[in-house]
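# Topology and contacts: notes
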Amino acid sequence: MKAVTWQGPRDMQVTDVPDPVLVDPTDAIVRVTSTGLCGSDLHLYEPLAPFMTPGDVVGHEPMGVVEEVGSDVSTLKRGDRVVVPFNVSCGTCWTCSQGLHSQCETTQNRDQGTGAGLFGYSKLYGQVPGGQAEAMRVPFADHLPIVVPEGPSDDRFLYLSDVLPTAWQGVQYADVPEGGSLLVLGAGPIGDMAARIALLRGLQVIVVDLVPERLARVAARGADVIDLAQVGADAVADLVRERTNGRGTDAVIDAVGLEAHGSRTVTAMHKAVGFLPKRLGQKVMETAGVDRMAALYQAIECVRRGGTISISGVYGGAADPMPMLQLFDKQIQLRMGQANVRRWSDDILGVLQQDEDVLGVEDFATHRLPLSDAPSAYATFQQKDDGMVKTIFRP
């Protein structure tokens, strides 16, 4: 079958790989009908290259149709239409029972010191073949896949795999009081969707980004926007306070993470580490890796005293400097982590099954491409060219 594979830093290729097969009696094989390109995939493209192996199948936002199930699978059947969460979670261990599916004790990568396995996401998270492919093996078939109804297009349900639960959790963790204010840093797919969810809940929403097309999307949904490229980073906090009675927002969602602009030195280090010998590169990232912290520092500055910062953007540095004096003095709460997809999926599915597309998921994608266009799409997405915010591949 065809699949998108990592071959080196900035080198994604569509190659022939073996067809997936049932390994455990609780597995299912899913024929992929749609699969997304995520901002987190760009971390594999360059910063996390030391943890990748040529030939790794990438992608963690798939949905499709069940083709085959193992002998112990009782609730899923051939022909079911399913969305596959990006967490590889068993659904039955203690952490899953607590709604912490991203920390699943069955698939934790204890040798790497990381949480649950992730589809298509490097040695750090289990090196599980991903979903940017024509088909994939899905473990824990009775608990992991989300069965969705026939009828609506894939676009109605695809984002249950990652974008929706990540944005939903980000808003939940922000814990904004009723009628309160929320600042969203970054209007990529997660920030955009978080803003839509917050607006649906009646919150005052301010969004900061530097790409005009992205700001236009959230403004059209009713968010107040700040163009970082126009005003400059130093002016953002004052502008936010002006719009929130001088205090700052009740909460901030950092939907940017380590891809933040703001440090040429760290950018150069990420590129250099990607080309180091694999073992040395891993050691650097595990012990001395630092992120571009511009977005998080901005969040700390903009949130009101006693407010909450919810981090949805991925960070990977082991030696990131944190302004502890400011955090302590402002009495800021921090909440973060990979989304626990299955914790939120039933609630979100209820919203998606309404007649009205209240979150605008059916026109959320800016690009719909064949799988063969994946290599060029990665480059376009990283450069934020061609108005690309969200891409769906059709295998």
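In this text, all values refer to a predicted model and were calculated from it rather than measured experimentally. Throughout, a residue's number is its position along its own chain's written sequence, starting from 1. Totals for whole chains, interfaces and linings use every residue, but because this is a predicted model, local features are given only for residues with pLDDT of at least 70 and side-chain atom pairs only at 80 or more, for both listing and counting. Note that water and hydrogens are dropped before the side-chain values are worked out from all heavy atoms of the structure.

## Quick notes on the sheet that holds strand E1 (residues 2–8)
Hydrogen bonds between backbone groups are what pair the strands of a sheet, and the pairing can be parallel or antiparallel. Here is the rule: In this description, strands pair whenever DSSP reports at least two bridges between them. Only DSSP runs of H or I reaching four residues or more are called helices, and only runs of E reaching two or more are called strands; each is numbered from the N terminus. We call two residues contacting when some pair of their heavy atoms lies within 4.5 Å. Between the N-to-C directions of two axes lies an angle of 0 to 180 degrees, each axis being a line fitted to C-alpha atoms and, for a helix, fitted only over the stretch in contact.
The strand order across the open sheet formed by 3 strands is E2-E1-E4, and the pairing between neighbours is antiparallel. The open sheet terminates on both sides in strands that have one partner only, identified here as strand E2 (11–16) and strand E4 (56–57). Packed on one face of the sheet, helix H14 (residues 374–383) meets E1 and E2 and runs near 160° to E2.

## Digging into the confidence of the model for the protein
Test applied: pLDDT is a residue-level measure of predictor confidence that goes from 0 to 100.
Per-residue pLDDT for the protein averages 92, and the proportion of residues at 70 or more is 91%. Considering only residues more than four positions removed or in separate chains, one finds that residues 260–270, a stretch of pLDDT under 50, has 19 contacts. Note that residues 283–289 has pLDDT below 50 and, in this model, 22 contacts with residues that lie over four places away or in other chains.

## Quick notes on the sheet that holds strand E14 (residues 249–254)
In spatial order, the strands read E13-E12-E11-E14-E15-E16; together these 6 strands make up an open sheet with parallel pairing. Here the strands that pair on one side only, and so sit at the sheet edges, are strand E13 (224–227) and strand E16 (333–336). Along the sheet, successive strands turn relative to each other by an average axial angle of 20°, direction set aside. Note: strand E11 (residues 181–185) against E14, 4 bridges, orientation parallel. Looking across to E14, one finds that leucine 183 is bridged to valine 252. Contacting E11, strand E12 (204–209) and E14, helix H5 (residues 189–200) runs over the sheet at an angle of about 170° to E12.

## A short note on the nonpolar core
What counts here: Side-chain atoms within 4.5 Å are what join buried Ala, Val, Leu, Ile, Met, Phe, Trp, Tyr and Cys residues into a set we call a nonpolar core. Each residue gets one of three labels from its accessible area relative to the maximum for its type: buried under 20%, exposed over 50%, partly exposed in between, using a 1.4 Å probe on protein chains only.
Among the nonpolar cores identified, the biggest contains 71 residues, and Leu160, Leu164 and Met193 are the most heavily contacted of them. Of the residues forming this core, the biggest block, 7 residues, is contributed by helix H4 (residues 163–174). Apart from residues no more than four positions distant in its own chain, methionine 193 is found in contact with Val163, Leu164, Ala167, Leu359, Val361 and Phe364. Ala237, Leu296, Ile300 and Ile311 belong to the second largest nonpolar core, which has 20 residues in total.

## A closer look at the pattern of salt bridges
Which entries qualify depends on this criterion: One side-chain nitrogen of Lys or Arg within 4 Å of one carboxyl oxygen of Asp or Glu is enough to make a salt bridge.
Throughout the structure, instances matching the rule amount to 17 salt bridges. Measuring nitrogen to oxygen at the nearest pair gives 3.2 Å for the salt bridge that ties lysine 2 to aspartate 16. Taken as a pair, lysine 2 in strand E1 and aspartate 16 in strand E2 lie far apart in primary sequence, 14 residues in all. Assessed through its relative accessible area of 37%, lysine 2 is described here as partly exposed. For aspartate 80, the salt bridge identified is with lysine 77, shortest N-O distance 2.9 Å. On the basis of relative accessibility, which here comes to 9%, the residue aspartate 80 falls in the buried class. By relative accessible area, lysine 77 is classed as exposed at 52%. Taken together, the shared-partner salt bridges in this structure form one network comprising Asp155, Arg368 and Arg394.

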